[in-house]
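Tertiary structure, described
Chain by chain, the residues:
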Amino acid sequence: MERSDFLKTLGLGIGGLIMPSNSFINVQSIKIYDNYVKGMKHYNFNEISHLIKEGDELQLLRAPENTYDSFAIRVLFKEQKLGYIAAFENVVLANMMDKGVKLNAFVSHIDLSRNIYESLAIEVHAELVIPTQKLIDSMLAENRADDANDIYRNRFLNL
């Protein structure tokens, strides 16, 4: 397998990460973040809170122009700003978003009886690309016999 073919199989093209549909890779969603939304007291959360339920999809929007935090990530529900991901936890997520990694956000917990600082939690997922056994087998099949570890030759070379 040529190197360019291998990279295409993994989904690494000129434009970055693309997700080809083939039998060489699997894609698995993994949770990478789960915590409360910050700053909700400054927005319309109380007016729209009755519309939000656990499992609802949320939107994440980078806000590098934010005066207080250049790694700011807004959390939105149907285009309504709810608040932000905590400033002390957003650096990695912001860098991922800046590099084009698609993150999916969902409501993980909502409890309107609690104070506003702990009433809405979100979880963020990213897609993990996993090579299948078929890809591994095809890569192994491309090796020449001389590339294999040869214990007899190694004995003579290491004398």
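See the structure printed just above.
My aim in this report is to walk through the structure given alongside it, one point at a time. (Residues numbered from 1 in each chain as written. Predicted model: local features only at pLDDT ≥ 70, side-chain atom pairs only at ≥ 80, totals over all residues. Heavy atoms only, no water.)

**Here's the deal with the overall build of the protein chain**
Convention followed: A run of H or I in DSSP becomes a helix once it reaches four residues, and a run of E becomes a strand once it reaches two; helices and strands are each numbered from the N terminus. A simple rule labels every residue: compare its accessible area, found with a 1.4 Å probe on the protein chains alone, to the largest value its type can have, and call it buried under 20%, exposed over 50%, or partly exposed in between. Throughout, a residue-residue contact means that at least one pair of heavy atoms, one from each residue, lies within 4.5 Å. The accessible surface values rely on the Shrake-Rupley method and a 1.4 Å probe; as for residues, cover is taken only from the protein chains in view.
Looking only at helices and strands, one finds 5 helices and 8 strands in the protein chain. Listing every helix and strand of the protein chain by position from the N terminus yields α-β-β-β-α-β-β-β-α-β-β-α-α. Of all 159 residues assigned to the protein chain, the portion counted as buried reaches 32%. Considering only contacts in the protein chain between residues 6 or more positions apart, those separated by 24 or more positions represent 60%. Carbon together with sulfur atoms contributes 54% to the accessible area of the protein chain, which is approximately 10800 Å² in total.

**Regarding the nonpolar core**
The tendency in soluble globular proteins is for nonpolar side chains to be buried as a group. We apply this condition: Nonpolar core, defined: a set of buried Ala, Val, Leu, Ile, Met, Phe, Trp, Tyr and Cys residues in which side-chain atoms within 4.5 Å join the residues together.
Counting 25 residues, the largest nonpolar core has I52, L60, L82, I85, L120, I122 and V124 as its most contacted members. Going through the elements one at a time, helix 2 (45–48), strand 4 (57–62), strand 5 (73–77), helix 3 (91–98), strand 7 (103–110) and strand 8 (120–131) are the ones with two or more residues in this core. Among all residues touching L60, those that are not within four sequence positions of it are I73, R74, V75, I85, M97, L103, A105, I122 and V124.

**Comments concerning the pattern of salt bridges**
In a structure, side chains of opposite charge can pair up when their charged atoms sit close to one another. Defined as follows: Any Lys or Arg side-chain nitrogen found within 4 Å of a carboxyl oxygen on Asp or Glu counts as a salt bridge.
Per the counting criterion, the structure on display carries 6 salt bridges. Note that D56 and K53 form a salt bridge whose closest N and O atoms lie 3.0 Å from each other. In this structure K53 comes out as exposed when scored by relative accessible area, which is 52%. For E118, the salt bridge goes to R114, with nearest N and O atoms at 2.8 Å. A network of salt bridges, in which partner residues are shared, links K31, D34 and E123.

**Comments concerning the packing of aromatic side chains**
For clarity, the threshold we go by: Pairing of aromatic side chains here covers Phe, Tyr and the six-membered ring of Trp, requires ring centres within 6.5 Å, and sorts the geometry by plane angle: under 30 degrees stacked, over 60 edge-to-face, intermediate tilted.
This structure, assessed with the given rule, holds 1 aromatic pair. Their ring planes at 55° and their centres at 6.4 Å tell us that Y43 and Y84 sit as a pair that is tilted. With Y43 in the loop between strand 3 (25–36) and helix 2 and Y84 in strand 6 (residues 80–84), this pair connects stretches of sequence that are 41 residues apart. Accessibility expressed as a relative area gives 27% for Y43, which makes it partly exposed. You can call Y84 buried: its relative accessible area is 15%.

**Some remarks on helix 3**
The line we're drawing: In this description, one arc is meant: the one made by directions from the helix axis to the C-beta atoms.
Every buried residue of helix 3 is accounted for by L93, A94 and M97. Projected down its long axis, helix 3 carries its buried residues within an arc of 100°, all on one side. Against the buried residues of helix 3 lie strand 3, strand 4, strand 5, strand 7 and strand 8. The positive-phi residue at the C-terminal boundary of helix 3 is G100, with phi of around 90°.

**Some details on the sheet that holds strand 3**
Cut-off, in case you're wondering: DSSP bridges decide pairing: two strands pair if at least two such bridges lie between them. Interaxial angles span 0 to 180 degrees and are taken between N-to-C directions of axes, which are lines fitted to C-alpha atoms, for helices over the stretch in contact.
Spatial strand order, 3-8-7-4-5-6: 6 strands in an open sheet with antiparallel pairing. Where the open sheet ends on each side, the last strands, each with one partner, are strand 3 and strand 6. Here the average twist between neighbouring strands, direction ignored, is 35°. Pairing between strand 4 and strand 7: 2 bridges, direction antiparallel. Across the sheet, E57 pairs through a bridge with F106, a residue of strand 7. Relative to strand 4, helix 3 is tilted by about 80°, and along the sheet it contacts strand 3, strand 4, strand 5, strand 7 and strand 8.

**Points about the pairing of strand 7**
With 6 of 8 residues buried, strand 7 lies mostly within the body of the structure. Pairing geometry for strand 7 and strand 8, over 7 bridges, is antiparallel. The residue bridging I110 from the neighbouring strand is L120, located in strand 8.

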